[in-house]
Amino acid sequence: MSLTVNHRIKSPIEEIVPISRQLGYAEAFNLLRGERELPSNLLLDRILARPGYQNREEWKRLANRYPIWWTRDLVVYPESDGVFRKGKDVVDSYKDRARRTWLFSLSSMPQEALDRKSIGLLVCPEEIKTYKDRVVVEAGQKNVIILENFLQKNGWGMVDKETGIPLSLGFGQDALYPERYLRRTEGVGVRPIVRSLNNDSRLIINASETPDMRFGVGFVDRGEQHQYKTETVATGIMERFRRFISELGGF
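Residues numbered from 1 in each chain as written. Predicted model: local features only at pLDDT ≥ 70, side-chain atom pairs only at ≥ 80, totals over all residues. Heavy atoms only, no water.

Caption draft 1: Molecular detail of the overall build of the chain. Helices and strands together make up the secondary structure of the chain, namely 4 helices and 15 strands. In the chain, which comprises 251 residues, the share counted as buried stands at 51%. Put simply, of all contacts in the chain between residues at least 6 apart along the chain, 71% involve residues at least 24 apart. Split by element, the accessible area of the chain, about 12200 Å² in all, is 47% carbon and sulfur. (Helix = DSSP H or I, 4+ residues; strand = E, 2+ residues; numbered from the N terminus. Buried < 20%, exposed > 50% of the residue type's maximum accessible area, 1.4 Å probe, protein only. Contact = heavy atoms within 4.5 Å. Areas by Shrake-Rupley, 256 points an atom, 1.4 Å probe, with all protein chains shown as cover.)

What follows is the structure in structure tokens.
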């Protein structure tokens, strides 16, 4: 299905352009790499928390077709009241529907996060490697943010304005809506964040869905002054992207 500029979700300097297909998280992440990538949780949060959101016709159209969207970010957390252990990958407590284990690589773990209570991580992955029995998430430590006072069960918390994640203490005074609801599992989580476009769910940070669920996908189109990469992006990656879009019939 072709989409025109009127279907794009607009923020002050960026646009989120949907592709007309639902994908699992690893598929979506690995498709949209290079100049275009999945939107961050913070970007979607800033759009969803605007007071004028309810009247935006483009959101209503997209919500009717794809009510839930992937962000590029994952939340990694130990079991409720647990800690990250030294010398161990973080392994999600549950396998996905393909019976694969999802894990966050030990090499990506900040040492400051180990053996501390009420700690979670916000991760912007650099690599997602898929094998028959497991999926490995890797990120440089500059792309891993330690979340202190991380919620230990589903519930409301004050939003951290730097990440858009609800925490249990003292943040979010400058946010338009100061609270968000975190949805997590009781076990260990290596979970990408999904956000709902439905009005009743727009303040929920959902870090509980299995990553092979199929949700809406869009990429950030920043224009010439807001591209993440330069023309040195590997041509093979972009050619694969162009072939994929061509098969869908374009935007």
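Caption draft 2: Highlighting the side chain of Asp45. Examined against the element boundaries, Asp45 turns out to sit in helix H2 (residues 41-48). Residue classification places Asp45 among the buried residues on the basis of a relative accessible area of 5%. There is a polar contact of 2.8 Å between the side chain of Asp45 and the side chain of Arg180. For Asp45, the contacting residues outside a window of four places in its chain are Gly164, Arg180, Arg195 and Ile205. (Polar contact = N/O pair within 3.5 Å; in protein donor to acceptor, adjacent residues only side chain to side chain.)

Caption draft 3: Main features of the sheet that holds strand E5 (residues 101-104). The strand order across the open sheet formed by 4 strands is E4-E5-E8-E7, and the pairing between neighbours is mixed. Each edge of the sheet is formed by a strand with only one pairing partner; in this case those strands are strand E4 (90-91) and strand E7 (127-130). (Pairing = 2+ DSSP bridges.)

Caption draft 4: Molecular detail of the pattern of salt bridges. Summed over the entire model, instances satisfying the criterion amount to 13 salt bridges. Across the salt bridge formed by Arg214 and Glu27, the nearest N and O atoms sit 3.5 Å from each other. With Arg214 in the loop between strand E14 (204-206) and strand E15 (215-221) and Glu27 in helix H1 (residues 25-31), this residue pair connects regions lying 187 residues apart in the sequence. A salt bridge links Asp212 to Arg97; the shortest N-O distance between them is 3.6 Å. (Salt bridge = Lys/Arg side-chain N within 4 Å of Asp/Glu carboxyl O.)

Caption draft 5: Quick peek at the nonpolar core. Counting 34 residues, the largest nonpolar core has Phe84, Phe104, Leu121 and Val123 as its most contacted members. Looking at this core, the elements with two or more residues in it are strand E2 (15-23), H1, strand E3 (68-77), E5, strand E6 (119-123), strand E8 (134-138), strand E13 (189-196) and E15. At 5 residues, the largest contribution of residues to this core is made by H1. The residues touching Val123, leaving out its near neighbours within four places in the chain, are Arg72, Asp73, Leu74, Val76, Phe104, Val137, Ala139, Asn143 and Val144. Grouped together as the second largest cluster of nonpolar side chains are 12 residues, Leu122, Phe150, Leu151 and Ile205 included. (Core = buried A, V, L, I, M, F, W, Y, C linked by side-chain atoms within 4.5 Å.)

Caption draft 6: Spotlight on the side chain of Gln152. Within the fold, Gln152 resides in the loop between strand E9 (144-148) and strand E10 (155-159). Within polar-contact distance, the side chain of Gln152 engages the backbone oxygen of Phe150 at 2.8 Å. Ignoring sequence-local partners within four residues, the contact set of Gln152 consists of Glu79, Ser80, Asp81, Gly82, Ser118 and Arg184.

Caption draft 7: View of the environment of Glu37. By secondary structure assignment, the location of Glu37 is in the loop between H1 and H2. A polar contact of 3.2 Å, which involves the side chain of Glu37, links it to the side chain of Arg72.

Caption draft 8: Highlighting the packing of aromatic side chains. Taken as a whole, this structure holds 6 aromatic pairs when the rule is applied. Consider the rings of Tyr77 and Phe150, whose centres lie 5.7 Å apart with planes at 25°: the pair is stacked. You can see Tyr77 sitting in strand E3 and its partner Phe150 sitting in the loop between E9 and E10, a full 73 residues away along the chain. Considered together, Tyr77 and Phe150 belong to a single accessibility category, that of buried residues. Between the aromatic rings of Trp156 and Tyr181, the centroid separation amounts to 5.4 Å while the plane-to-plane angle is 80°, which identifies the pairing as edge-to-face. Taken together, the positions of Trp156 in strand E10 and Tyr181 in strand E12 (residues 179-183) put the pair 25 residues apart, joining distant regions of the chain. Judged by its relative accessible area of 22%, Tyr181 is partly exposed. Taken together, the aromatic side chains of Tyr25, Phe29, Trp70, Trp102 and Phe215 make up a single cluster linked through ring pairs. Just above the ring of Tyr131 sits the side chain of Arg134; from NZ or CZ to the centre is 4.2 Å. (Phe/Tyr/Trp six-rings, centres within 6.5 Å; stacked < 30°, edge-to-face > 60°. Lys NZ or Arg CZ within 6 Å of the ring centre and 35° of its normal.)

Shape is all these values report; function is a separate question.
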